[in-house]
Every structure is written in structure tokens, then in C-alpha cells.
4 protein chains.
Amino acid sequence: MSRLRFGLIGTGFIGRTHAIALNASGAVFGERFAPVCEMLADHTEEAARRGATALGFARGTGDWRELVADPAVDVVDICTPNYLHREMALAAIAAGKHVYCEKPLANTAQEAAAIAAAADAAGVRHMVGFNYICNPLLHLAREMIASGELGEVYAFRGSYLEDYMSDPASPWSWRCDRSLAGSGALADLGSHLINLAHFLLGGIARAQGSLQTVHAQRRDPASGAARAVENEDIARALIEFASGIPGTFEISRVATGRKCGLDFTVFGTRGALEFGQERMNELRWYEAAARAGREGFRTILAGPIHPDYRAFCPAPGHGLGYNDLKTIEVRNVVRTITSGAAGWPDFHEGARVQRVMESIERSHAERAWTEVAP
Amino acid sequence: MSRLRFGLIGTGFIGRTHAIALNASGAVFGERFAPVCEMLADHTEEAARRGATALGFARGTGDWRELVADPAVDVVDICTPNYLHREMALAAIAAGKHVYCEKPLANTAQEAAAIAAAADAAGVRHMVGFNYICNPLLHLAREMIASGELGEVYAFRGSYLEDYMSDPASPWSWRCDRSLAGSGALADLGSHLINLAHFLLGGIARAQGSLQTVHAQRRDPASGAARAVENEDIARALIEFASGIPGTFEISRVATGRKCGLDFTVFGTRGALEFGQERMNELRWYEAAARAGREGFRTILAGPIHPDYRAFCPAPGHGLGYNDLKTIEVRNVVRTITSGAAGWPDFHEGARVQRVMESIERSHAERAWTEVAP
Amino acid sequence: MSRLRFGLIGTGFIGRTHAIALNASGAVFGERFAPVCEMLADHTEEAARRGATALGFARGTGDWRELVADPAVDVVDICTPNYLHREMALAAIAAGKHVYCEKPLANTAQEAAAIAAAADAAGVRHMVGFNYICNPLLHLAREMIASGELGEVYAFRGSYLEDYMSDPASPWSWRCDRSLAGSGALADLGSHLINLAHFLLGGIARAQGSLQTVHAQRRDPASGAARAVENEDIARALIEFASGIPGTFEISRVATGRKCGLDFTVFGTRGALEFGQERMNELRWYEAAARAGREGFRTILAGPIHPDYRAFCPAPGHGLGYNDLKTIEVRNVVRTITSGAAGWPDFHEGARVQRVMESIERSHAERAWTEVAP
Amino acid sequence: MSRLRFGLIGTGFIGRTHAIALNASGAVFGERFAPVCEMLADHTEEAARRGATALGFARGTGDWRELVADPAVDVVDICTPNYLHREMALAAIAAGKHVYCEKPLANTAQEAAAIAAAADAAGVRHMVGFNYICNPLLHLAREMIASGELGEVYAFRGSYLEDYMSDPASPWSWRCDRSLAGSGALADLGSHLINLAHFLLGGIARAQGSLQTVHAQRRDPASGAARAVENEDIARALIEFASGIPGTFEISRVATGRKCGLDFTVFGTRGALEFGQERMNELRWYEAAARAGREGFRTILAGPIHPDYRAFCPAPGHGLGYNDLKTIEVRNVVRTITSGAAGWPDFHEGARVQRVMESIERSHAERAWTEVAP
């Protein structure tokens, strides 16, 4: 079997993360999962050429359509701003390429569903870059929930708190423009939290959300003029899973002091789990059946017994990093495509996440509980 | 000035806490704040006599009405189950006694307001036992918010999570009976959280809540038969303060593993605060203006520079305990009564807390945002 | 049985702590353990009278010898600076009084042993104020060690780190004078750590210590002139218990940032324990036999199942404070005296602690391992 | 400039870590720091061929001498057990290759010094794999110390606690054989701690150590027979830096529950720093000059402002992992070799670390303070 050849579009924050992971996957997971870094697309030929050299790609191009059309590219990896995902994904699908796209998949649920349908129709594989759920400890968490180790689960608390726009002086950016970014914190951060909730407890049925734009205007970095921020800084929601389990979401890009606060707690009749991404190598577990006087949340450190950790390191507690999650994700993408079976989280999950986001937005506008579209 | 003479009704968990605090206040805060432990009322003469001896009271009585009527009692201190507060408070007020009553003040907002009005009409002083806000570090938190040290505050997250009814096998108790306890976790724990929110950020204007009864039936401890649980195990709410600041509440008596999880976070443009009652001697503060590369939440340990701490101990980090908060509260009660000025949290605050609780309950029933009654 | 009448000498930091505990013990532990606060001695009549009133004592005196001689005083409670302990303790013993003395018992091991011998000869009871070991969680720790729950224990790490003299500008005080304070951090803080080690693992056989005076001179607060600091700011030691278990001590009064860092770790073949006084309501336990992939240090919160906690509060996780430890200690003193049996930690333990301190000092001087005198 | 070609010997735990880092360095740090994975040596041709394919190397060999001699190999990267380092390093030096060797450099200080001298004489560059000091937060720590941000530093506490041999049933391995592994925990873990101490505070002048073998015998995995453990499980030491700063070391491979406990604290007149490798993305800093009542250890999360972090991720708090430290180390090796300047930690540092280890061992044997050989 020959190695899959990846074409990467975009070299911003997340594009570089993909590049690092594409380079790392083989050494970590073995040759079967070693992609070929075939081609890199950037704004200009020059930038693409430099990027390709710096990031270990064979070739660069200033025209992403060229990359999509290139016969030596098997997988199109989309790392551009949200509003470009749709056009690029559809073009790649049309060219018969497998597609690996960053979250959120699109700016609307309808668009996301259309992309997923097109991909299925074309018979290509598709995956969305929800990297956080690749954490070995979150697989442990899901297993503990699924196996009944927590008893009957009846409550979920989830939050994703960052502060990258906390400073009132942070300039206006495309992230503040609804036509480019869609919703604000909800799209950027909330999409991860929703996917994580799906991962642990299944689909979400309804929500009652509340959105807040703390800084209604920000300075345009070019002109210095005030520009309207068109989407929310904070989203909060009461939610209910299809299973009947209620919960809450709290999502913010202005959570002063929090840097990567993707946190959750799950409560069940026999135990509870707590997790926070800023300490991504720790899972806190409370076992209700512990001997009286000896109960307490225990901090499980990630180790080789947990899925995928061993590929990085045979010693427990040595710790994975943020980029390692992406390396696991790349392995998942390669495995999905080469196995021919559907992977997860695929574009349908991408669309589902979008539908939850839209139900939160709609419920805010209508000030009422709102069903998630099926 | 002669010392205030207290009559305490009830010797359960919270009654004993009051007794300990009444005994401690003088040695901690000085003679001015040393109450006389005059009289104790319990179910029977025998229990009252034994209780009085054990808890350092001069006399005991099996009839609380006798205590209320006793001319040597200046302050009636009510530590009985919620449903008895109203009758006892009104009787004490009618007898011209100052009243110090445990939370929640009553089972309905209307009742609470009536008690407050009666107390005002009678010209007696009144205080509710919201002990958590007596914490020196919460006074620091409030001061930091009020002084602008956090900049403009725009978000609040609060929760009160305990697990005392987490075990499905925990028996049915009066706490499950709506006529006796009112609401469930909301009344027992949520009342503290609401008071704390008021303390930090002022009045709450509206809420959209969601209630959940995880264990719909519990075994009657006497008969062993299943009995319906008539109030909620968990309450969640989106809230909005009168100031316009939005927030969330999460309240649970079935939060497996959590023992005293009265936690909050406040976010502002210049900083953030985090607190958790299980580590009540720590306040975590993030200062946005810290030198680049040196930012981080710092853990402030309670010390003599923080209000009231020094009375307990001149050395920082040595730590107060749960009962010490009650000792501060008793000092506040004595100070309020002897100064003649209105104290806080008084019965009006007790009624206000109740109105927020009722708006959460109503919003759950109507599945809609609900204004807090004025 | 009549209540024990206490005479307290000294109203500084620790004297007030004793006074608070003497007032609290009865309400917490019941009438049997309610001391009578009979008499208070201070520098002057006036100070003593004010102190007695403020701290709930019946009478005050400006002459501690009067207190010792007073027939209404059953127990002499010594809370003065170290160098006064000896004279006062011997006078109290001579007067046939039980003696409750703060740590360190004396400035030398020889003095301490002489006091212990005198007390035994006089047939009075004697206890030293090592309050930290009164913590319910430390009793749990000792029980876990003794019962074999940790397997064979083979290593101990202990430290007591504070920063009360960390500021180079902190003035010279009696604590810097060897004739008044004896050793420095070792006497003031190390005595607690040594007692704690004894409590958990038994006697210490030998040590190799190293002392350090960081600030060799400090300003006299009166004259402003530089005065020599005659004892150490930091003591470190390799130690070995009589049982053969090795360990380390680290003791500092200049540990910038640490406020009450009495911390230890115990390692055994089947588990480990970690504790830190700044979070005195938490004990961290690692169970080696936990299911693979589920191991981790768990944080046990103090609760009513742990010895003595229930007397303060029936709810777990609500937390004791520093002063509560002293209340337990007072109960222990009363119980020891009224039971007639020897208590612990008595003056012999006080002398033993002193001998360990002296072996550390001697080993520093001789730069060699030094046996603890028997 | 052409890319450096690496030949890697050994594919165990640390060999795979090197392989992953060699593959990652280019994508993370750019083409200048992209090594060529030229050749891999393993026990057999077959293993080497499979390893090369799996780990992204161009070629494999069953004979490490072939790798050393290969003209296409510029740098020999030694990841074999300790006892093989010497022979391989000397062979590589003899062949004129640059050498990158895992710690400890050799089994004795004399051997280590000889290797360093040979490398210097041959004019090749040399580096030792002390990966932990590559942490961006430790560079921040060093900068804070060096710049005086902590004031005058006067105390160091360091420990490296793991539990990989904590289980009494763990089998005998080459690590228990003095001729193969040299000392035990001291060599394996202590070498990192000593290097870290050097990194932060410079050379160590003397030590008084104490060694302990908890499990004197372990079962041979083949025969099942008991075999003597020839080196220590735990090493403790009082130390003194050449600068006069005293400190302590505690090193254990049987620290039940600890997985990667490379922890330290540094105390100075103006502040303190705390670090623990299990939370490698956090540095705790106490600033003594903070406003009164606002002091506390703050948790600085690693971010792009700290050296090298940005190459991995532009967002703070997202976190590096253990393998990322090795990627930084590989970049350092490449930079050292290509710049032609001496790097650090080089073989002289490797020898210095060894001399500290030997002084600790000697001081244990002689039960006396022992100077570190110059």
C-alpha cells in the first residue's frame, strides 16, 4: 500500500499545527500512518514555496485550486478561515479527493450538511479537525461512561473559556465579521465543546442559550476606526441530550486569564469525572463506592495504558502536548481513508455541531428553548 | 452596655454550629461581641437540658414558645427546619425580640417578605444566616470588584455542588417534602449562591432555569416504602443581574464527589477572580495588566490583612474553618443589634433570595425567561 | 466531676489561640471537656485585666507567680516566649499544678528532660502544644501507616516552610537571640515537624544536618542599629528513624511565599501519602493496587468519619481551621488530666524533640552524622 | 548549507523519542533545523530495517560500527543503555563525527571526562540529552534568577521522584547492575536533576549524600531466581553550590505514585519559583513585592512569549508535551553543530554531572561531606 499524499491549504496557526502533525505521524505511529507531505498552498507562490520548504512539503503553490486539481494529492487538508471551507471542500470533493477540514466545517448548518452530502455522494472520506477528543484521557473518560463505571450518568457541565479577545484593545479581525466567521466564540470554541459533548454522551436535542457581546466595537487595525463586532464574545446555554441528560455550556473568548479552558464534569450515580484542557494529562475521577473515609477525586495521569499514549512514550506521567493531539488526529484521518470505513468525527458530525450552534443562537433570539434540527 | 442574651432554637447540624459560634465570638472578637448563651430550646425538656449543658447555655426548655417569651432572651436564634422559620420568627417579632434566622428564611418569597415587614414594623433587628459571605477572602473579592480592580465586570459563573443526596439509596427525608423544605437543592444550597451573587454583584433581575429530579423516589426510612421526592435535586439557570451582567448558576445536591462546592468565577476587563469553598482560604486572582510572560492566576492565601482574619490568627496561611465563618456572622449579628443600624444580610435579603429562587422555579415551569419579582 | 480550671500565662499570638480554644472546647466536645477560664497572667495588672475580659477569663493578674500559686487554678497553661517556659513550668510543677506548655518545651534538651522529670516526680500531668498533629486527617494518615495500608513504609520527606522572616528588612527580635529563643527555624518550626515525624513513624535515631543564616544581621527595632542574628534561618537534615526508615527535613523561616508549609510525603510499597498544612483539610493518597489505568493520588477531604471532625461539623468537606486544631488539643489536655492516664505529646516528647534538634545542630557543627541522644 | 545527517543507535524508549524529535524538528523550527534521518542501528539487520522504516530513517544496520563509519552520517546519536555510551562515543569521535549522547554520559566521571577530552581533541561538537532543561518555562526561570527578579537567591530544593521500580515484584533488569547502569536512581534520574540545578544556579561544590536500596533483591525475569540489586533506589543529599547557596536533592525510582516528579523550588529575597515536571506547562512564581493582601504564588502557563514555545503553537496555555522538549533539544544540537560554537549541555557538563553523582556516592560511603572533584 502506498502512502497517502496530503495537500495542505493554509499556513496560519492551525495550518502549521497540521504540518507538524503530518511530519510527526509516521515516526510516532509507524510507516502505515506516515503521510506524504506533497503540496502546500498559500496566498502567493513565494509564500507557498517558503512554507513548503520550512514545513517539509515537497511542493508549494499560490493557487489552492491547483493543489486540489493535482493528481499527486490524495487528501485535501483545509486550514483556512471558516468562510473559505465550503468552497474548498466542495472543489476537493468534485475532484474526487478525500477531505480533512478544520472546524467549524462551515458557517451554517445547511452548508455543512450540503458538504457532507456531496462528500458521501462522491464516495470520498471526510473528517473534521476536532483535535481535543483525540486525548487518550478523553477516550478513557468515554470508556468509563460507556461501561457504566460512573453508574447512570445524569448531569454534564461543559465550558470552553479562553481570553484571546479579552483585552478591549484587541483589534477588530475577520473573527468579528459574521459573514466570514459565522458566530463568534460559539463557532470558534463552542464547536469543540459540542463535539466533545457528543463524543462523551451522544447527540444534543435542545438548548436554551444566551449570547453576549462584551465589546460591541473594536478598532480596525488598518484604519484605526471603530468597527462593529457582529458576533458574540460569550455563549451560555442550558442543554439537554437526546438521552435526556441535562447540562450546561459556557463558552467565552473573553474569559480573562483562561488560556485553553476546555473543561467538563460528568456526574453519575456511581462516580464523577472532571477534566480541564490546561492540564490535559490529568483526568480526575471520583469513585462513590470507595471505602468510607477514603473517598476523593483522584488525579489519573495519562500513561501508556491509555489509548495512543504509548506510541508517544512508554512512561506514564511524562505528558502529551497540544500538537500531539493533532498527530493522533492525522493518524485517525489516515486510518479512516486507508481502511475505507467511515471515520468520526466526519462531516456529518461537523454539520451536527453546526445545528447545535444554530439552535443556541436561535434560542437566544427567541428567548425560548429550541430543538436542535434533526 | 450589657451583653446580648441569645435564645437558640434547634440543636441539629446548624444549631450546634450556632452554639459553637456563640461560645467563640467573645474570645475571638472581644467582650463587646460576647453573647450570653441564655437559653436553648429543643424537642423535649430533657433534650434541651442536656443540650444546654453540652453547648454552654444557662438554661434549656422543651417549648420554644417559652424561650421566645422569656424576658431574659434578647435575640431569638432560629435553627430549625425551613418550614418552622415563619411561625417562630413571627412569634419572636411579636414578642419584641431581635431575630437571627437560618436560611432559607421561609418556604415562599411572600412569607419571607411578610416576616421582614413584620420585623421592620416591630422595630427589631433581623439577620439571616448566610455564613459563606463572612469569609475574609470574599470581602476582599467584593472590594476588588467594587474598586474597579477587575475593570468592568461582565460575567459571573456560580455553582454550589454537594453530594449529600447523591447516593440513590439515601433515604427520603423532610428535605424531599415540598411543604416542609420548599424547593430542594435550590432552597438548601442555591440560597447561599444567590446571596453570594447579590453580595458580589448586586440584585438579579431575571432568570431562565431548569430543574431536575434525578431520583424521583426514595425509601421512607421508617416504612421502607418508596416515597415521591417532591422537589429538585439539581437547578441550573441562566441569569442576568440588574446591572446587566449575565451569568449562570448550577446547584446540585447530587454532585457526586463534591462536598462543599460553592464556587464562582468573575470576569472583568482587567482581571478575574476564582473561588471555591472547599479551599476557602484561597482566592485566585488574575491580573490582566501583569508583565507579559508573567501573567497567571495567583493564589492569595487568607491572612491578617484581610478583614476579620486577624481576630482569629495573626499569621497568614494558617487558615480559617467553616465554623469560624459562623463566628464572624455572630459578631455581625451582635454588631448590628447593638449599633442599632440595619445589618446585612437581613430578612429583606432573605426575601430577595427567595424571589430569585421562585423566578428560577417559574421559568422552569414556563420554559421561559422570568423576571424576578421586585 | 468538676470542670478543670485553667490559668493562662501570655496573651501573644499563641496565648490568644489557647484562649479561643479554651472557650470553644466545651461547645464542641461537650461539658466534660469544657474548661473553666479561671485566670489570665500578662505583663501588667492592667493588661491582664483587659485581657481577661476580652478573652473570657474570670480574673487577671500582672504576676504569673500569683497565677501559679492560686488554689483555684488546676492547670497552668504556658504561652510565653521559649526562654520563660522552664522557670514557669518548674514553678507550676512545684505548686502541684498540671502543666500545658507551648513548644518548644525548653531551650535545651537537658532543660526539657529536667522539666519532664520534675513533672513526673510531682505526679502532675503534662502536655506540649503540638497542635498540628491534632488534625483528623493526620490521625487518618497515622492509622493508614500503622495498619499497613501503605505496605512497608520506607521513605519520609518532611518540611516546614514559612516566610515570616523572609523580608531582609524584618527587624531583629527575641527570636534572633539564642539565649532567648534557642535555635531559630529549627526550634520554632522544626519542633512541629519533628513531633509530626514522631507521630507518624516513631523515634528518630540520627541526623546529618546543615544550618544556614541567610540574614546575618537585622536592624534593632528600637535603635535601628544592626544586631547579629544568633540562630539559623534554615535547617536541612538527612535523618534516619529508629525503625531504619530514612528521610529528610527542610525547615525555613525565610521560605519566601510559603505561609504555613508543614508538608510531608510518606512512601510505602503499597501506597503513598502527601499532606500540606496550607490545605489542611486535604490528604492525598495513592493506592498502588488500584486498577491499571485508574491509579492516581486521590484528594481525601476531611469529614465526619475522620476522628474528631464530627464534633465540629457533620458535613464532609466543610473544613476545619487552624484554631480548631487547638480546640482538639485542649480537649486532649483535659482528657489526659481527667483520665489520670499519661497523654501524648507530653514533656518527655518535648524533650525528645529537643534532642533531635540538638543532634541536627551538633551534626552541622561537626559536619558528620550524629546520633540522637537517648 | 546542507542538512545534517543523523545516525541513531538504539530504538528503545529514548531512541524512539529521538526519532520522533528528529522527524519533527524541521516542521517546528524550519528547514535550517531539519535533520536528515539517515541511518538507524539496532541489534539485528532485520530489526534495524523495520525500525528505519517505522521511524522514518533512510537506512538501517545491525552493526552500529557500520553506522559510525558511514560517510553519509554527520552526527552519531547514541540512545543505548548507559554502559555502551563510552565505546560508541569514542568510536564516533575517532571517526570524526559529532556526537549527541543520552544521559548519563558514562558510568564514571573519569570515563565521561575522557570522552569529553577526546571529542575536544578531535574538534567535533558534543551534546548530552538533558531534555528537561529545554522547557520554555525553565528558560524563563533561569532568566528570572539571573536578572535578579528573585532578588538574592539563597536556597534550592530539588527532587526527581518516579516509581518505575516501586513495585517489589518489578523484575531485575540491567538497571540493577552496577557495571551496566552505574548508580541507580542517581544516574538515571539524578543526572537530570543535577543538570537542572547547574542550569539554574551553576556548579555544585560539595555534597553529603545518603543512599538507600529499598529492594535488595529482585527476581531475574528469565530464571525467576533472586538477584542482588547493586545500586540504590533512593539518593538524598545536602548540597552546596559553588556560589555558596545550599540546597537539597531527593531522588527516587521507588516514589510510589510519582510518575515524572522532577520538581524544584528556588527561594530568594524578592521572590520564589516552584516547578514540577508533571505539570510542565506551569511555573509558579511568588513576588514578594506584590501589594499587601494580594500576594500569592501565581501559575504562569507556558505561552508564545516564552522561548521556543511559539514554534510549536502561537496560543498560550495549549501546552507542550514531553516529546516537544526533545524536539527543542534536537534543534539545539543542530544549531550547535552548524554554528560551530560550543553548545550546552556538552560532554564537559556530562562529566560534571557525573562528578556530582560520585561525590554523593562517596559522601554516603564515608558518611561525610565530600567535595565535588574539579
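Residues numbered from 1 in each chain as written. Chains lettered and ligands numbered in written order. Predicted model: local features only at pLDDT ≥ 70, side-chain atom pairs only at ≥ 80, totals over all residues. Heavy atoms only, no water.

A look at unusual backbone geometry
All names here are of chain B.
Logical step 1: The residue after Lys103, namely Pro104, is reached through a cis peptide bond having omega -15°.
Logical step 2: Positive phi outside glycine occurs at Asp308, with the angle close to 80°.
Logical step 3: Along the chain, Asp308 turns up in the loop between strand 16 (297-301) and helix 9 (309-312).
Logical step 4: You can call Asp308 partly exposed: its relative accessible area is 21%. (Helix = DSSP H or I, 4+ residues; strand = E, 2+ residues; numbered from the N terminus. Buried < 20%, exposed > 50% of the residue type's maximum accessible area, 1.4 Å probe, protein only.)

Digging into helix 8 (residues 185-201) of chain A
Residues and elements named next belong to chain A.
Logical step 1: Taking 1.5 Å per residue as the helical rise, helix 8 with its 17 residues ought to reach 24 Å, and the 22 Å between its terminal C-alpha atoms agrees with that figure.
Logical step 2: Taking the largest bend as the criterion, helix 8 deviates by roughly 40°, centred on Ser191.
Logical step 3: With 17 of 17 residues buried, helix 8 is to be regarded as a mostly interior element.
Logical step 4: Trailing helix 8 by a residue or two, Gly202 shows a phi angle of about 85°, which is positive. (Expected span 1.5 Å × (residues − 1). Bend = angle between axes of the 7 residues up to and from the residue.)

What to know about the domain arrangement of chain A
All names here are of chain A.
Logical step 1: Here chain A is described as being made up of domain 1 (5-132) and domain 2 (134-319 + 351-366).
Logical step 2: Using only C-alpha atoms to locate each centre, domain 1 and domain 2 end up separated by 25 Å.
Logical step 3: Domain 1 puts 18 residues into the contact, and the matching count from domain 2 is 26 residues.
Logical step 4: Taking both partners together, domain 1 and domain 2 bury about 1900 Å²; carbon and sulfur atoms supply 61% of that area.
Logical step 5: The tally of links from domain 1 across to domain 2 stands at 1 salt bridge. (Domains from an automatic or database assignment. Contact = heavy atoms within 4.5 Å. Buried area = accessible area lost by both parts, 1.4 Å probe. Salt bridge = Lys/Arg side-chain N within 4 Å of Asp/Glu carboxyl O.)

Description of the packing of aromatic side chains
Logical step 1: Taken as a whole and judged by the stated rule, the model has 40 aromatic pairs over all chains.
Logical step 2: Measuring from centroid to centroid gives 5.7 Å for Phe29 of chain B and Phe312 of chain B, while their planes differ by 85°, and the two rings are edge-to-face. You can see Phe29 of chain B sitting in helix 1 (residues 13-29) and its partner Phe312 of chain B sitting in helix 9, a full 283 residues away along the chain. Neither Phe29 of chain B nor Phe312 of chain B differs from the other in exposure class; each is buried.
Logical step 3: Sitting over the ring of Trp369 of chain A, Arg367 of chain B keeps its end group 4.7 Å from the ring centre. (Phe/Tyr/Trp six-rings, centres within 6.5 Å; stacked < 30°, edge-to-face > 60°. Lys NZ or Arg CZ within 6 Å of the ring centre and 35° of its normal.)

Details of the interface of chain B and chain A
Logical step 1: Taken together, the contact pairs 41 residues of chain B with 41 residues of chain A.
Logical step 2: At the boundary of chain B with chain A, total buried surface from both sides reaches about 3200 Å², with 58% on carbon and sulfur atoms.
Logical step 3: When the area that chain B buries against chain A is broken down by residue, the three leading residues are Tyr154, Arg157 and Thr256 of chain B, summing to 20%.
Logical step 4: Where chain B meets chain A, there are 2 salt bridges.
Logical step 5: The salt bridge involving Arg157 of chain A is made with Glu250 of chain B; its shortest N-O contact spans 3.2 Å.
Logical step 6: Linking chain B with chain A are 16 residue pairs in polar contact (both at pLDDT 80 or more), by the criterion used here.
Logical step 7: Among the elements of the structure, strand 7 (153-161), strand 8 (204-212), strand 11 (234-241), strand 12 (246-252), strand 13 (261-268) and strand 14 (271-276) of chain B are those that each provide at least two residues to the side of chain B that touches chain A.
Logical step 8: Examining the composition of the side of chain B that touches chain A, we find that 6 residues originate from one element, strand 7 of chain B, more than from any other. (Polar contact = N/O pair within 3.5 Å; in protein donor to acceptor, adjacent residues only side chain to side chain.)

A few points about the interface of chain A and chain C
Logical step 1: Chain A puts 19 residues into the contact, and the matching count from chain C is 19 residues.
Logical step 2: Counting the surface lost from both chain A and chain C, the interface buries some 1400 Å², and carbon and sulfur atoms represent 44% of this.
Logical step 3: At the junction of chain A with chain C, the criterion picks out 6 salt bridges.
Logical step 4: The partner of Glu149 of chain A in a salt bridge is Arg291 of chain C, with the nearest N and O atoms 3.4 Å apart.
Logical step 5: Counting across the chain A and chain C interface gives 10 residue pairs in polar contact (both at pLDDT 80 or more).
Logical step 6: Counting residues per element, the side of chain A that touches chain C draws most heavily on strand 16 (residues 297-301) of chain A, which supplies 5 residues.
Logical step 7: Per-class residue counts for the side of chain A that touches chain C are 9 nonpolar, 4 polar and 6 charged.
Logical step 8: Direction of pairing for strand 16 of chain A relative to strand 16 (residues 297-301) of chain C: antiparallel, over a ladder of 3 bridges. Directly across from Arg298 of chain A, in strand 16 of chain C, lies its bridge partner Arg298 of chain C. (Nonpolar A, V, L, I, M, F, W, Y, C, P; charged D, E, K, R; others polar. Pairing = 2+ DSSP bridges.)

Comments concerning the pairing of strand 12 (residues 246-252) of chain A
Residue and element names in this part refer to chain A.
Logical step 1: The buried count for strand 12 comes to 7 of 7 residues, which makes it a mostly enclosed element.
Logical step 2: Because side chains alternate across strand 12, one face comprises the buried residues Pro246, Thr248, Glu250 and Ser252, and the other comprises Gly247, Phe249 and Ile251, equally buried.
Logical step 3: Bridge count for strand 7 (residues 153-161) against strand 12 is 6 bridges, and the pairing is parallel. Each residue of the ladder has a partner; that of Arg157, found in strand 12, is Thr248.
Logical step 4: One ladder, built from 7 bridges, connects strand 11 (residues 234-241) with strand 12; its direction is antiparallel. Bridge pairing in strand 12 links Ala235 to Ile251.
Logical step 5: If you look at the hairpin formed by strand 11 and strand 12, you'll find 4 residues sitting between the two strands, and Gly244 has a positive phi there, around 100°.

A closer look at the sheet that holds strand 6 (residues 126-128) of chain C
Residues and elements named next belong to chain C.
Logical step 1: Across the sheet, 6 strands lie side by side as 3-2-1-4-5-6; this open sheet has parallel pairing. Among the strands making up the open sheet, the edge pair consists of strand 3 (59-61) and strand 6. Neighbouring strand axes in the sheet, compared pairwise and without regard to direction, differ in orientation by 20° on average.
Logical step 2: Bridge count for strand 4 (residues 75-78) against strand 5 (residues 98-101) is 4 bridges, and the pairing is parallel. Each bridged residue has a counterpart across the sheet, and for Asp77 the counterpart in strand 5 is Tyr100.
Logical step 3: Along the sheet face, helix 1 (residues 13-29) touches strand 1 (5-9), strand 2 (36-41), strand 4 and strand 5 and points at about 165° away from the line of strand 1.
Logical step 4: Its contacts with the sheet put helix 11 (residues 347-366) on strand 5 and strand 6, and the angle it makes with strand 6 is roughly 40°. (Axes fitted to C-alpha atoms, helices over the stretch in contact; angles between N-to-C directions.)

Notes on the pairing of strand 7 (residues 153-161) of chain D
Residue and element names in this part refer to chain D.
Logical step 1: Of all 9 residues in strand 7, 9 are buried, a share of seventy percent or more.
Logical step 2: Sheet analysis places strand 7 next to strand 13 (residues 261-268), joined by 8 bridges and oriented antiparallel. Bridging across to strand 13, Ala155 finds its partner in Phe267.

Here we look at the sheet that holds strand 5 (residues 98-101) of chain D
Residues and elements named next belong to chain D.
Logical step 1: Pairing within the open sheet is parallel, and its 6 strands lie in the order 3-2-1-4-5-6. Of all the strands in the sheet, just strand 3 (59-61) and strand 6 (126-128) have a single pairing partner and so form its edges. Within this sheet the neighbouring strands show an average axis-to-axis angle of 20°, counted without direction.
Logical step 2: Of the pairings in the sheet, the one linking strand 1 (residues 5-9) to strand 4 (residues 75-78) comprises 4 bridges and is parallel in character. Bridged to Phe6 within strand 4 is Val75.

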